[in-house]
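Residue-level structural notes
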Amino acid sequence: MTQMISSDPVPYVDLAAQHAPLKADILAAVEGVLERGDFILGGAVEAFETRLAALIGVRFAVGCGNGTDALQLSLRALDIGPGDEVITPPNSFVASTSCIRLAGAMPVFVDVDETYNIDPDKIDAAITPRTKAIMPVHLTGRPAHMERILAIAAKHQLAIVEDSAQAILAEFDGKKVGSTGTLGCFSLHPLKTLNACGDGGVVTTNDEKLATRLRILRNLGLQTRDDCAEWSVNSRLDTLQAAILLVKLDHLEAWTDARRANAARYRRLLANVPGLTLPTDSPRERQVYHTFVVQAERREALRAYLSERGIGTSVHYPVPIHLHTAARELGHERGAFPVTERQADRILSLPVHNTLRPDQLDRVAATIREFYEESR
Ligand SMILES: *Cc1c(COP(=O)(O)O)cnc(C)c1O
């Protein structure tokens, strides 16, 4: 059995492999922009926004410079700033907290549960008179528990800004992430599933006023060419990137299916490995597996064992946000968010990208089994 499994390296991500079959279409899209010369907020940006809004199931999508700006501009569009608080989990990429500070507001952390997402049971206790919004993160491509979060937000009249950066096409109760909150924020970073060849971001909403405000905020606050309504940043989605994203949108469903198939194969091959905990699943959710995160006993040793055998892995994220240097101002000690902290020492992201071949995946699974058998 072992000799049937390939010994090729298994990179954690393989952007070159993803792009090889798209190259001709991408270059044609780039040529189209060069011929039109509409480099800033050109036709491809509007076309991308229209298609993305339809895909997510909302009325409006507004492209911007990156996912962090999508979040920051969303908070500003909601008039959230100094003196306000936003509830968010400490287990995320730093951007979901930095955007709150960049908008001038304060992050209030609520620990996660075994889904890696914000624990809805703990949100109520974190709400104060200053709370203006909840920012759930659909981490790993798994939707946060939106039914509960929507109910809490409605009861306390809070906005919901969904950090959907890792979860495009994920669904909760049949509704796509980014469609049920007040605003949905997506990153189009090269490492996300719908990825630009550079930076990009987009905000989704059903609220026309917010969409209009976001279009002004992303473009220096200009409400007309000659009137700046409020000081703001320059954070437009690049036309070249939008043209490339339009090519990629045709493949997004297939890429998502491939990730889900990879996850199902891991679940089968890694069932009942002592020392390893697989991600759970729920019939109410459609997970899209931006990452396939296991919890591993002796994580560092396993990671080194895989690396020595050419298998790339990653950790999302080894340092909870409240323990970063920048977060010292918030005054949280180690131990403040025990679930997040315990997970941070055990989590390991296995390669799950859409160009991963079954024989590569099988080698990852077999090598993990081998590690735990050898060390038993
Ligand atoms: C990637 C990511 C972001 C930020 O996106 P950028 O486009 O890199 O600015 C925000 N939140 C989460 C959860 C992310 O994974």
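Residues numbered from 1 in each chain as written. Predicted model: local features only at pLDDT ≥ 70, side-chain atom pairs only at ≥ 80, totals over all residues. Heavy atoms only, no water.

Topic: the sheet that holds strand β7 (residues 175-176)
Here three strands make up an open sheet; going across it, the order is β7-β6-β13 and the pairing antiparallel. Strand pairing shows two members of the sheet lacking a second neighbour, β7 and β13 (285-286), which therefore form its edges. (Pairing = 2+ DSSP bridges. Helix = DSSP H or I, 4+ residues; strand = E, 2+ residues; numbered from the N terminus.)

Some remarks on the sheet that holds strand β14 (residues 292-296)
Pairing within the open sheet is antiparallel, and its three strands lie in the order β12-β14-β15. In the strand order of this sheet, the two ends are held by β12 (276-277) and β15 (347-350), each with one partner. Strand direction decides the pairing type here: β14 and β15, joined by four bridges, are antiparallel. Bridged to Val-294 within β15 is Leu-348.

Notes on the nonpolar core
With 33 residues, the main nonpolar core has Phe-48, Leu-52, Ile-168, Leu-188, Leu-194, Val-202 and Leu-245 as its most contacted residues. Every element with two or more residues in this core is listed here: α2 (23-36), α3 (43-56), α8 (239-249) and α9 (252-269). Residue contributions to this core peak at seven residues, all from α8. Both of domain 1 (18-249) and domain 2 (251-375) provide at least three residues apiece to this core. Ranked by size, the runner-up nonpolar core spans 31 residues in total, among them Val-137, Leu-139, Ala-296 and Leu-356. (Core = buried A, V, L, I, M, F, W, Y, C linked by side-chain atoms within 4.5 Å. Buried < 20%, exposed > 50% of the residue type's maximum accessible area, 1.4 Å probe, protein only. Domains from an automatic or database assignment.)

What to know about the site of the ligand
Close to the ligand lie 14 residues; Gly-67, Thr-68, Asp-163, Ser-187 and Lys-192 are nearest. For the ligand, an oxygen atom lies 2.5 Å from a polar atom in the side chain of Lys-192. For the ligand, the accessible surface in isolation is 380 Å², of which the surrounding protein chains cover 94%. Per-class residue counts for the shell around the ligand are five nonpolar, seven polar and two charged. (Near = heavy atom within 4 Å. Polar contact = N/O pair within 3.5 Å; in protein donor to acceptor, adjacent residues only side chain to side chain. Areas by Shrake-Rupley, 256 points an atom, 1.4 Å probe, with all protein chains shown as cover. Nonpolar A, V, L, I, M, F, W, Y, C, P; charged D, E, K, R; others polar.)

A closer look at the domain arrangement of the chain
Along its sequence, the chain is carved into domain 1 (18-249) and domain 2 (251-375). Contacts between domain 1 and domain 2 engage 44 residues on the former and 37 residues on the latter. Between domain 1 and domain 2 lies a buried interface of about 3500 Å² when both sides are counted; carbon and sulfur atoms form 55% of it. A per-residue breakdown of the area domain 1 buries against domain 2 is headed by Tyr-116, Arg-142 and Thr-193, which together make up 19% of the total. Where domain 1 touches domain 2, the interface holds four salt bridges. Joining domain 1 to domain 2, the criterion identifies 21 residue pairs in polar contact (both at pLDDT 80 or more). (Contact = heavy atoms within 4.5 Å. Buried area = accessible area lost by both parts, 1.4 Å probe. Salt bridge = Lys/Arg side-chain N within 4 Å of Asp/Glu carboxyl O.)

Looking at the pattern of salt bridges
Going through the model one piece at a time under the given rule, you end up with 25 salt bridges. A salt bridge links Glu-329 to Arg-101; the nearest nitrogen and oxygen atoms lie 2.7 Å apart. One end of the pair, Glu-329, is in the loop between α10 (299-308) and α11 (338-344); the other, Arg-101, is in helix α5 (residues 95-102), and 228 residues separate them in sequence. According to the relative accessible area criterion, Glu-329 is partly exposed, its value standing at 48%. Between Arg-148 and Asp-121 there is a salt bridge; the shortest N-O distance is 2.8 Å. Taken together, the positions of Arg-148 in helix α6 (residues 146-156) and Asp-121 in the loop between β3 (106-109) and β4 (131-134) put the pair 27 residues apart, joining distant regions of the chain. We classify Arg-148 as partly exposed; its relative accessible area is 33%. A cluster of three or more residues bridged by salt bridges with shared partners is formed by Asp-8, Arg-357 and Asp-359.

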